[in-house]
Amino acid sequence: MFFKIVSLIVSALFVLSNSEDIGFIYNGFSRANLSLDGIAQLTSNGLLELTNTSRLQKGHAFYPTPINFNNLPNGSNFSFSTTFVFAIVPSVLPGHGMAFVIAPIGGLAEALPSPFLGLFNENTTGRDTNHVFAVEFDTLQNREFNDIDGNHAGIDINGLKSVESKTAGYYYASTNSFKFNNMTLANGLPMQGWVDYDGTVKQINVTLAPMNVAKPNAPLLSLLYDLSPILNETMYIGFSGSTGSVVSTQYVLGWSFKMNGIAQGLDLARLPKLPRVGPKKQSKLLLIALPMISAIVVVIAFSVLIYYVGRKRKFAELLEDWELEYGPHRFKYKDLYIATKGFANKELLGCGGFGRVYKGVLPTSLIEVAVKKVSHDSKQGLREFVAEIVSIGRLRHRNLVPLLGYCRRKGELLLVYEYMPNGSLDKFLYDKTICVLSWNQRFRVIKGVASALVYLHEEWEQVVIHRDVKASNVLLDSELNAKLGDFGLARLYDHGSDPLTTHVVGTVGYLAPEHTRTGKATTISDVYAFGAFLLEVACGRRPIDPRVSDEDIVLVDYVFSCWSRGDILQSIDQNLGNEYVKEEVELVLKLGLVCSQTEPTTRPSMRQVLLYLEDIAPPPQPELSLLQNSAYDFSFSGFDHHLAMSSAFTADKEHSYPSTDSNSLLSTGR
């Protein structure tokens, strides 16, 4: 009994000592013993490298010994202090960010990279059971998590929706006040960070400063929050970083930590140097010998100068003052030229009414991209068009093709998109040399496009009307996930305002009748196009097919006639055979008819459509009478199916309908 008591006392003293007094400092990590996973590694000169230029990766680095937070004599009144020097070196565009993190044992095992910073995944973020505290330094805006901008620090508790966040920067003392200086996180330079928690007053402070600035008196973030319910008794402390489609190399140069005290300051002079970025210095020997070069070498140098002047003109691009505000969204023409091997024909992915699309590999980051060259002969409206393109470039959804940026040169506008290896959906529907998509794959594609349209219509900061929803503008990634692309015809307007009247544009067969009459594109006209898309995917036929009999040339007429005869399944794609779910196919076909109704007010919203597809809301009932038609109850009794399509042909000849083939615009498959 005596020995048991002694053992318990010794263990308790060890825990108390470990909790109260633990502190460490790393002025570089040359001989550090850290727990690493993912792509995190220690470099030969002592840098902790969390990520590199690999896409969609994460890296973790933790102090190897767990820290006791809640097993203290004064209960929950624990405090801690940490300081570190870090650097985020971007590739083409910065992405995605890093964080100081306190996590439970095994707490980050299922975490994902972008956009979750290696901390959570789509199912775990926001759970109270996570017991994760983090301070994020995020370089890419993600509105799904309410990011204020793409260059901010935030305090995260159990999820990526920051409890408190602010644009990166620091306060410096001025006359009787503090003034704020902005900082750019992804500037490739080392900077200092401090995270302090006072357990007595329950206050979290986060401070940033450049390397040559002492710790500011005023923190960047200050939050009153009791961390004792969040942190378990035993926790790990360290760093997490991640990359996405765009990448940055994230480094930690030094780190100091202290429980219940102030972390020891780092010796900035002893910290390892970041790898050199940019060209090497010229050889001193060359500088000394240069005046002695012979006349022949001068002639050669002059010839080389002429060559490079010509090369510079070759890659000359237009850049006006107003474009400077768009910053990292702009690519260099030279990089795109190299990426596409000089826009070689063998890299050509497709041609359409708006230009050509080329496959490319960016020379620095090795990211595969699709580059679309759009001609523009006039400056009229160009500024507004570029502004809109850059705005669309901020859209972030799993079912949208990411727009990475643009470039402007002479008479061309070049748009850069993420490359989709499986190309466009219409190839899988109509190209007999490509394997047929199963019904499960088609149904997943349909729900993905519906989810993307809900995001565009309701969930983003502005309303985005796509205006060209069709199979050839739906691209498939390596796992056959749907990505809605080609925003060349898209229009944006503020929530609560009316869209403006414009020229009628789109593709015959997908144009809503009211759009051809008024020239006003709305979310409901997108719903009409989605209805045509539903029938196209389920039936394996284009909305207008001149190869069939005259009475069946319009697909919506054909499906309507099958439904009228009580055999709507007769209209499905024969390539599916008997491998399909009857209830799902019937739902899709009926929804296609509901969305294609002539009267706009009788069509559902895209959110309602998604609820039907997810089996959350009861499916529409075609047998309802026309008098019961509303935005929530749908009927086909008075469905003017002929007018729904024929009006697309009888529109005013002044209006144009620029359509594209299956490879047009952003179709990135071979």
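Residues numbered from 1 in each chain as written. Predicted model: local features only at pLDDT ≥ 70, side-chain atom pairs only at ≥ 80, totals over all residues. Heavy atoms only, no water.

Engineer: For this particular structure, what's the right way to read the overall build of the chain?
Structural biologist: Scanning the chain from terminus to terminus reveals 13 helices and 27 strands. The buried share among the 670 residues of the chain stands at 53%. Looking at the chain alone, contacts between residues at least 24 apart form 67% of all its contacts between residues at least 6 apart. Of the roughly 30800 Å² that the chain leaves accessible, carbon and sulfur atoms contribute 54%. (Helix = DSSP H or I, 4+ residues; strand = E, 2+ residues; numbered from the N terminus. Buried < 20%, exposed > 50% of the residue type's maximum accessible area, 1.4 Å probe, protein only. Contact = heavy atoms within 4.5 Å. Areas by Shrake-Rupley, 256 points an atom, 1.4 Å probe, with all protein chains shown as cover.)

Engineer: Would you mind going over the pattern of salt bridges with me for this structure?
Structural biologist: Any two side chains of opposite charge can pair if their charged atoms end up close together. In the structure shown here, the tally under the stated rule is 11 salt bridges. A salt bridge links R55 to E418; the shortest N-O distance between them is 3.8 Å. A residue pair is termed long-range when its members are at least 10 positions apart, and R55 in the loop between β4 (48–49) and β5 (58–62) and E418 in strand β23 (residues 412–418) qualify at 363 residues. The class for R55 is partly exposed, based on a relative accessible area of 28%. The buried category is assigned to E418, whose relative accessible area is 12%. Its salt-bridge partner being D545, residue R547 comes within 3.0 Å of it at the nearest N-O pair. Looking at R547, the relative accessible area reads 71%, which means it is exposed. For D545, a relative accessible area of 6% translates into the label buried. (Salt bridge = Lys/Arg side-chain N within 4 Å of Asp/Glu carboxyl O.)

Engineer: Sorry, what's going on with the nonpolar core here?
Structural biologist: Nonpolar side chains in soluble globular proteins tend to be buried together. L395, L425, L456, F530, F533 and L589 are the most contacted members of the largest nonpolar core, which has 76 residues in total. When residues in this core are grouped by element, the largest group, 11 residues, is from helix α7 (residues 439–459). Ignoring sequence-local partners within four residues, the contact set of L589 consists of L535, A538, C539, V559, I568, S571 and I572. (Core = buried A, V, L, I, M, F, W, Y, C linked by side-chain atoms within 4.5 Å.)

Engineer: I would appreciate a short explanation of the packing of α7 against helix α9 (residues 523–539) in the present structure.
Structural biologist: When two helices pack together, their arrangement is given by the angle between the helix axes and by the axis-to-axis distance. The interhelical angle for the contact between α7 and α9, taken along N-to-C directions, is 175°, at an axis separation of 11 Å. For the element pair α7 / α9, the angle class is roughly antiparallel. Contacts between α7 and α9 pair W439, R442, V445, I446, V449, A450, L453 and H457 from the former with T523, D526, F530, F533, L534, V537 and A538 from the latter. (Axes fitted to C-alpha atoms, helices over the stretch in contact; angles between N-to-C directions. Parallel < 35°, antiparallel > 145°, perpendicular 65-115°, else oblique.)

Engineer: Explain the packing of α9 against helix α10 (residues 555–564) to me, please; I cannot follow it from the model alone.
Structural biologist: Remark: α9 packs on α10, axes separated minimally by 10 Å, with the N-to-C direction vectors making an angle of 70°. It follows that α9 is roughly perpendicular to α10 by the angle criterion. Between α9 and α10, the contacting residues are L535, E536 and C539 on the first element and L555, V556 and V559 on the second. Per-class residue counts for the contact of α9 with α10 are 5 nonpolar, no polar and 1 charged. (Nonpolar A, V, L, I, M, F, W, Y, C, P; charged D, E, K, R; others polar.)

Engineer: Can you walk me through the packing of aromatic side chains in this structure?
Structural biologist: When we look at a pair of aromatic rings, we describe it by the centre distance and by the angle of the planes. If you walk through the whole model with that rule in mind, you get 28 aromatic pairs. When the ring centre of F180 is taken as origin, the NZ or CZ atom of K166, which lies over that ring, is 5.0 Å away. When the ring centre of F343 is taken as origin, the NZ or CZ atom of K373, which lies over that ring, is 4.1 Å away. (Phe/Tyr/Trp six-rings, centres within 6.5 Å; stacked < 30°, edge-to-face > 60°. Lys NZ or Arg CZ within 6 Å of the ring centre and 35° of its normal.)

Engineer: Honestly, helix α12 (residues 606–613) in this entry has me stumped. Any pointers?
Structural biologist: Side chains that are three or four residues apart share a direction in an α-helix, a result of its 3.6 residues per turn. The buried count for α12 comes to 6 of 8 residues, which makes it a mostly enclosed element. Taken together, the buried positions of α12 are occupied by M606, Q608, V609, L610, Y612 and L613. The elements touched by buried residues of α12 are α7, α9 and α11 (582–595). Looking one or two residues past α12, D615 carries a phi angle of roughly 60°, positive in sign.

Engineer: It is not clear to me how unusual backbone geometry should be interpreted in this structure. Could you clarify?
Structural biologist: For residues besides glycine, phi is generally negative; the peptide bonds are generally trans as well. P115 follows S114 through a cis peptide bond whose omega is 0°. Looking at the secondary structure, you find P115 in the loop between β8 (97–103) and β9 (133–138). At L56, a residue that is not glycine, the phi angle is positive and equals roughly 50°. Tracing the backbone through its elements, the reader meets L56 in the loop between β4 and β5. With relative accessibility at 47%, the residue L56 sits in the partly exposed group. Here the phi dihedral of N158 falls at roughly 70°; this positive angle occurs in a residue that is not glycine.

Engineer: Please explain the confidence of the model for the chain as it appears in this structure.
Structural biologist: A low pLDDT means the predicted coordinates there should not be read in detail. Overall, the predicted model of the chain reaches an average pLDDT of 79, with 76% of residues at or above 70. In this model, residues 1–19 is a region of pLDDT below 50 whose contacts with residues beyond four sequence positions or in other chains number 14 contacts. A low-confidence stretch, residues 623–670 (pLDDT under 50), is modelled with 141 contacts involving residues beyond four sequence positions or located in other chains. (pLDDT = per-residue confidence, 0-100.)

Engineer: Quick question: what am I supposed to make of a nonpolar patch on the surface here?
Structural biologist: Residues I296, I300 and V304 make up a contiguous nonpolar surface patch of about 280 Å² in total accessible area. By the secondary structure assignment, I296 is in helix α3 (residues 295–314). (Patch = residues over 30% accessible without salt bridge, like charges linked within 9 Å, V, L, I, M, F, W, Y side chains within 5 Å.)

Engineer: How should α7 be read in this particular structure?
Structural biologist: With 21 residues, α7 should reach 30 Å at 1.5 Å per residue; the first-to-last C-alpha distance of 29 Å fits that figure. When you tally the buried positions in α7, you get 15 out of 21 residues, the bulk of the element. (Expected span 1.5 Å × (residues − 1).)

Engineer: Could you clarify how one ought to interpret the environment of E586 in this entry?
Structural biologist: Inspection of the secondary structure assignment puts E586 in helix α11. Classification of E586 as partly exposed rests on a relative accessible area of 23%. Measuring from C-alpha to C-alpha, the distance between E586 and A538 comes to 9.4 Å, with 48 residues separating the pair along the chain.

Engineer: I would appreciate a short explanation of the side chain of S240 in the present structure.
Structural biologist: On the secondary structure map, S240 appears in strand β17 (residues 234–242). Reaching out from S240, the side chain makes a polar contact with the backbone oxygen of G118 at a distance of 3.4 Å. What S240 contacts, discounting residues up to four positions off in sequence, is L50, G59, H60, M98, A99, V101, L117, G118 and L119. (Polar contact = N/O pair within 3.5 Å; in protein donor to acceptor, adjacent residues only side chain to side chain.)

Engineer: Can you walk me through the pairing of strand β10 (residues 152–157) in this structure?
Structural biologist: Side chains on a regular strand alternate between the two faces of the sheet. Taking burial as the measure, the 6 residues of β10 include 6 buried ones, the bulk of the element. Of the two faces of β10, the one holding H152, G154 and D156 and the one holding A153, I155 and I157 are both buried throughout. One ladder, built from 6 bridges, connects β9 with β10; its direction is antiparallel. Residue pairing for β10: V135 is matched across the bridge by I155. In this sheet, strand β11 (residues 164–167) lies alongside β10 in antiparallel orientation, the contact comprising 4 bridges. Residue I155 lies in a different strand from β11, and its bridge partner there is E164. (Pairing = 2+ DSSP bridges.)

Engineer: For this particular structure, what's the right way to read the environment of R408?
Structural biologist: If you trace the backbone, R408 turns up in strand β22 (residues 403–409). Take R408: its relative accessible area is 0%, and that puts it in the buried class.

Engineer: Explain the pairing of strand β7 (residues 80–90) here, please?
Structural biologist: For β7, the buried fraction is high: 10 of the 11 residues fall into the buried class. Of the strand pairs in this sheet, β7 and strand β14 (residues 191–198) are connected by 7 bridges, and their pairing is antiparallel. Paired with V85 across the bridge in β14 is Q192. With 11 bridges connecting them, β7 and strand β18 (residues 248–259) associate as antiparallel partners. Bridged to P90 within β18 is S248.

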